[in-house]
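Listed below, chain by chain, are the residues.
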2 protein chains.
Amino acid sequence: MTIAEEDYLKVILKLELAQEELHARVTTNQVAEVIQTKPSSVTDMLKRLKEKSLVDYIKYKGIKLTGAGRKQALCLIRRHRLWETFLVEKLGLSWKTVHPVAEQLEHVHSDELLERLDEFLGHPAFDPHGEPIPNGEGKLPGCDGELMTTVKAGKNYTFMGIKEPTDTLLSYLDKIKLNIGSIFHVQDVEAYNGSVELEMGGKVCFLTYDVANKLVVKVNEKHENKN
Amino acid sequence: MTIAEEDYLKVILKLELAQEELHARVTTNQVAEVIQTKPSSVTDMLKRLKEKSLVDYIKYKGIKLTGAGRKQALCLIRRHRLWETFLVEKLGLSWKTVHPVAEQLEHVHSDELLERLDEFLGHPAFDPHGEPIPNGEGKLPGCDGELMTTVKAGKNYTFMGIKEPTDTLLSYLDKIKLNIGSIFHVQDVEAYNGSVELEMGGKVCFLTYDVANKLVVKVNEKHENKN
DNA sequence: AATTATTTTTAGATTAATCTAAATTTATTT
DNA sequence: AAATAAATTTAGATTAATCTAAAAATAATT
Ligand SMILES: [Mn+2]
Ligand SMILES: [Mn+2]
Ligand SMILES: [Mn+2]
Ligand SMILES: [Mn+2]
């Protein structure tokens, strides 16, 4: 697998997941747009990926990953997000700067390295941008989490991840010190507009419905009786 | 800088340093041998590197790195050895397995990453194979160290690095638990054959002249009066 | 349904990195 | 000093990855 091939597979998977209409095929131009290349270059690469049975590509009809292609893509996303976690958690780089570095590190091939890194980081479920890290079997975590808009007043939760992370949202969360892993208590959910009032380490903060609707949380059974 | 270009520069530097006759030019075949490629491929690459002023290459006469080329090569060696140190010290991989992984990691470009990694590792001077790690300015450490054959009985030393590391030597040192950074006391130096007797953590061990002659050590002033 | 616009593919070129086979230069022996 | 051997370079091909310009297929409008 070359670096370019891996990058194409990753982009195709991300486009499949982001697709409006489910099961719609990814198009040549979509890929070209994301990879920042010409559609003709994409066509060339698709032929090669088809040859290797990594994509199901039909001329003029679009692309879909095969099982093998999906597996490769998930592995690459896993490597990317584990490295980002390492760079932020261990080396103290900012989440704003780690992406291009992880974009290179993700292409280092070593199963043992990946296992040890995962262990070293404590098997994280989310990267510093709040994006879920696929596990060794390629399963995405956080499917058992709920959005903060479904939260109940009086209960305790852990902040797990972010649905569609954007730089502005991440900066906002930085500012109000709501970090992944934070445990908080829901004081109130305003019925009128869905805004959420929560308490965290003694401090109170308010989130609008739109923000709460991007945050993945999990009920914290252990802290349930904290009130 | 492509990965191939970087690898060539690194190999050329290593050949220059290992050269018997000082100032002799590195040859096309030497490079081909190490890179495991054909001499004609080396010639092609040398033309490209010359074009970029990274090597001083004269047809049929051999190669020498320019200042810029040497700087690049030292930077690559620095990255390689810092990553090897990380893999062994932090992730717990064996020094026997880290080389091919570092061979990939060394090509990740990020000045900030490199600085932070160096800091995270505590600015190590030697990698897990006992090879010196060039500092940010490309200077090699350990030039102030001495070989263990020049050691004096009754003094304390720190084991700094290895002159020409081989797998068998490293395995031997592993076995007798003589690790880089170890502090030891020289009990005796046998005048007859130059073998060294040293004490380390209560245990005594003997080294032949040939082994001692590969080990770089530094007098440990602070422990001088330990006797 | 015909025309126009958009998307996608093909054809032909380019660059880095490699190879094989042949030619050339340098080194070593007779 | 020739002749032979070894090292090195050139010539010509190949593959991955990209590009531009032109052709073909599909989609959207009149
Ligand atoms: Mn990438
Ligand atoms: Mn991320
Ligand atoms: Mn390398
Ligand atoms: Mn090493």
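Here the structure is shown first, and the text comes after it.
Note that this is a predicted model, so its numbers are computed, not measured.

> Before we move on, can you summarise the protein's contact with DNA strand D with the specific residues and values?
If you check the shell around DNA strand D, you find 21 residues, and the closest are A:Thr2, A:Thr37, A:Ser41, A:Arg48 and B:Tyr57. With respect to DNA strand D, the side chain of B:Tyr57 contributes an N or O atom lying 2.4 Å from a phosphate oxygen. At a separation of 3.0 Å, a phosphate oxygen of DNA strand D approaches a polar backbone atom of B:Tyr60. If you list the elements that add at least two residues to the surface near DNA strand D, you get α1 (3-18) and α3 (39-51) of chain A together with α2 (28-35) and α3 (39-51) of chain B. At 5 residues, the largest contribution of residues to the surface near DNA strand D is made by α3(A). Here the surface near DNA strand D is composed, by residue class, of 7 nonpolar, 9 polar and 5 charged.

> Residues and numbers for the interface of chain B and chain A, please.
One widely used convention gives an interface's size as the accessible area the parts lose upon coming together. Each partner contributes to the interface: chain B provides 20 residues, whereas chain A provides 20 residues. Counting each side, the surface lost to burial between chain B and chain A is near 1,700 Å², with a carbon and sulfur contribution of 71%. When the buried area of chain B at its contact with chain A is split by residue, B:Leu91, B:Gln104 and B:Arg116 rank highest and sum to 29% of it. At the junction of chain B with chain A, the criterion picks out 0 salt bridges. For the interface between chain B and chain A, the tally reads 6 residue pairs in polar contact (both at pLDDT 80 or more). Counting only elements with at least two residues in the side of chain B that touches chain A, the list comes to α4 (67-89), α5 (98-105) and α6 (111-120) of chain B. At 5 residues, α6(B) tops the list of elements feeding residues into the side of chain B that touches chain A. Along the lines of polarity and charge, the residues of the side of chain B that touches chain A split into 11 nonpolar, 6 polar and 3 charged.

> Quick rundown of the protein's contact with DNA strand C? Include the residues and the values.
Lining the immediate surroundings of DNA strand C are 21 residues, of which A:Tyr57, B:Thr2, B:Thr37, B:Ser41 and B:Arg48 lie closest. Of what DNA strand C places within 4 Å of the protein, 72% of the atoms are sugar or phosphate. At 2.8 Å, a side-chain N or O of A:Thr43 approaches a phosphate oxygen of DNA strand C. Measuring from a phosphate oxygen of DNA strand C, one finds a backbone N or O atom of A:Tyr60 at 3.0 Å. Where the surface near DNA strand C is concerned, the elements lending two or more residues are α2 (28-35) and α3 of chain A together with α1 (3-18) and α3 of chain B. The element best represented in the surface near DNA strand C is α3(B), accounting for 5 residues. Here the surface near DNA strand C is composed, by residue class, of 7 nonpolar, 9 polar and 5 charged.

What counts, and at which threshold
Residues numbered from 1 in each chain as written. Chains lettered and ligands numbered in written order. Predicted model: local features only at pLDDT ≥ 70, side-chain atom pairs only at ≥ 80, totals over all residues. Heavy atoms only, no water. Near = heavy atom within 4 Å. Polar contact = N/O pair within 3.5 Å; in protein donor to acceptor, adjacent residues only side chain to side chain. Helix = DSSP H or I, 4+ residues; strand = E, 2+ residues; numbered from the N terminus. Nonpolar A, V, L, I, M, F, W, Y, C, P; charged D, E, K, R; others polar. Contact = heavy atoms within 4.5 Å. Buried area = accessible area lost by both parts, 1.4 Å probe. Salt bridge = Lys/Arg side-chain N within 4 Å of Asp/Glu carboxyl O.

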